[in-house]
Amino acid sequence: MSTGTHEYQEDPRNAGILISVNGELFPREKAMVSVFDSGFILGDGVWEGLRVVDGGIAYLKAHLDRLYDGAHYLDIDIGLTREELTARLYDCLDANGMRDGGHIRLMVTRGIKKTPYQDPRITIGAATVVIIPEYKTPNPAIADKGITLFTAHVRRTAPDMQDQKLNSHSKLNCILACIQATKAGADEALMLDPDGCVATCNSTHFFIVKDGEVWTSDGIYCLGGITRANVIRLCRENGIPVHEKRFTLFDVYSADEAFVTGTFAGLVPVRSVDGREIGAAPVQGAARSGPLTAKLSAIYKVDARESAARREKV
């Protein structure tokens, strides 16, 4: 079964990885947190997905900014300075001998509860910090053939409900949208804002190309995506017109190209939305990416490697 942009090639090395739980390393099968942990009980925490490339971590500063901003928003004390957390990340990578082709899930929860209840004041002890490094390479077939999207009925909420910029452990709205898309036979869900304008996807950010211009949502109803921000920056640096704006499914269905972005897979073309083919069908045997999507993807891959923060530079 396809898992869309997060489909990866199996790697036997993952069976022997060491996982960091509060700074202590454990084999995969022994890495555990308490059933009283805030993340398990309530989804109370923040997280980041990080790419390991060429001995470093791509866009590390931006990811740590988002993590610490989210923790501050939730009034969670991570209990580590950025330098200490960075050192812990590299300690974990070094212990696994991982230098390239890796993906890290960095998770921070409020910590252990005295009893299962939502009030932060009954949390006892420090925050829980977990680092899971895995060897993960995106399945190249996904980028070649592109993904399919289905517009879910589940909407992104406004900032006065639950601010979508928060990368919290609680992802039920995204999970519900993903379920609906899967039941409809699509790879991922396209999600709308409360007014019916395009917002984002359930686990990636959405872009369209129209008449040589790149469009993405205004950003109010989506996570502050690191890859999204870098694609916007790279468009501007390379003279490609790019707009953060509100648009509707009318614009999507008539787009010349569409693609999604995410830390794991970078840029992935979208071949159809709600059963409607996007852009011209490729020549048989050719990749699904349109010309602008392919150009941006190549630029992004170079930029991600050049951005990688290495331990000796931290």
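This text goes with the structure placed above it.
Residues numbered from 1 in each chain as written. Predicted model: local features only at pLDDT ≥ 70, side-chain atom pairs only at ≥ 80, totals over all residues. Heavy atoms only, no water.

Attention now goes to the overall build of the protein chain. In terms of regular secondary structure, the protein chain is built from 9 helices and 18 strands. A globule of 314 residues ought to have a C-alpha radius of gyration of about 20 Å, and the protein chain, at 20 Å, matches this closely. Oriented by its inertia axes, the alpha-carbon framework of the protein chain measures out at about 55 × 40 × 35 Å. Looking at the protein chain residue by residue over its 314 residues, the buried ones come to 52%. Relative to all contacts within the protein chain whose residues are 6 or more apart in sequence, the contacts with residues 24 or more apart total 72%. Of the side-chain charges in the protein chain, 36 are positive and 40 negative, and the distance between the mean point of each set is 1 Å. (Helix = DSSP H or I, 4+ residues; strand = E, 2+ residues; numbered from the N terminus. Rg over C-alpha atoms; globule rule 2.2 N^0.38 Å. Buried < 20%, exposed > 50% of the residue type's maximum accessible area, 1.4 Å probe, protein only. Contact = heavy atoms within 4.5 Å. Lys, Arg positive; Asp, Glu negative; His and termini not counted. Charge placed at Lys NZ, Arg CZ, Asp CG, Glu CD.)

To continue, consider the environment of Arg99. With respect to the helices and strands, Arg99 occurs in the loop between helix H3 (82-96) and strand S5 (102-109). Owing to a relative accessible area of 55%, Arg99 belongs among the exposed residues under this scheme. As a C-alpha pair, Arg99 and Glu29 span 70 residues in sequence and 23 Å in three-dimensional space. In contact with Arg99, not counting residues within four places along its chain, are Val52, Val53, Asp54, Gly55 and Gly56.

The antiparallel open sheet is built from 7 strands, whose spatial order is S2-S1-S8-S5-S3-S4-S18. Of all strands in the sheet, those with a lone pairing partner are strand S2 (24-27) and strand S18 (309-310), marking the two edges. Pairing analysis gives 2 bridges linking strand S4 (residues 56-57) to S18, with the strands arranged antiparallel. Residue pairing for S18: Ile57 is matched across the bridge by Ala309. Contacting strand S3 (45-53), S4, S5 and S18, helix H2 (residues 60-73) crosses the sheet at an angle of about 175° to S3. (Pairing = 2+ DSSP bridges. Axes fitted to C-alpha atoms, helices over the stretch in contact; angles between N-to-C directions.)

What follows is about the pairing of S5. Two faces belong to every sheet, and in a regular strand the side chains alternate between them. In terms of burial, S5 is largely enclosed, as 7 of its 8 residues are buried. Here S3 runs beside S5; their pairing, made up of 8 bridges, is antiparallel. Bridge pairing in S5 places Gly45 opposite Thr109. Of the pairings in the sheet, the one linking S5 to strand S8 (residues 128-135) comprises 8 bridges and is antiparallel in character. The residue of S8 that forms the bridge with Thr109 is Thr128.

Glancing now at helix H6 (residues 172-183). Taking 1.5 Å per residue as the helical rise, H6 with its 12 residues ought to reach 16 Å, and the 16 Å between its terminal C-alpha atoms agrees with that figure. Within H6, the full set of buried residues consists of Cys174, Ala177 and Ala181. For H6, the arc enclosing every buried residue in end-on projection is 65°, short of the 170-degree limit, so these residues lie on one face. Away from its buried face, by an angle of more than 90 degrees, H6 presents the exposed residues Leu172 and Lys183. Along its buried surface, H6 packs onto strand S9 (147-151) and strand S10 (188-192). Following H6 by one or two positions, Gly185 has its phi on the positive side, about 90°. (Expected span 1.5 Å × (residues − 1). Arc of directions from axis to C-beta.)

As a further point, take the state of the cysteines. Put plainly, a disulfide is one covalent bond tying together the sulfur atoms of two cysteines. Using the criterion set out here, one finds 0 disulfides in the structure. Sulfur of Cys174: no disulfide; nearest cysteine sulfur belongs to Cys178 and is 9.0 Å away. By relative accessible area, which is 8% here, Cys174 ends up buried. (Disulfide = S-S within 2.5 Å.)

Further remarks concern the side chain of Thr123. Tracing the sequence through the fold places Thr123 in strand S7 (residues 123-124). Given the relative accessible area of 18%, Thr123 is considered buried. Engagement of the side chain of Thr123 in a polar contact is seen with the side chain of Lys113, the distance being 3.3 Å. A polar side-chain atom of Thr123 sits 2.9 Å from the main-chain carbonyl oxygen of Pro120. Discounting chain neighbours no more than four positions away, the residues touching Thr123 are Ser38, Arg110, Gly111, Ile112 and Lys113. (Polar contact = N/O pair within 3.5 Å; in protein donor to acceptor, adjacent residues only side chain to side chain.)

Shape is all these values report; function is a separate question.
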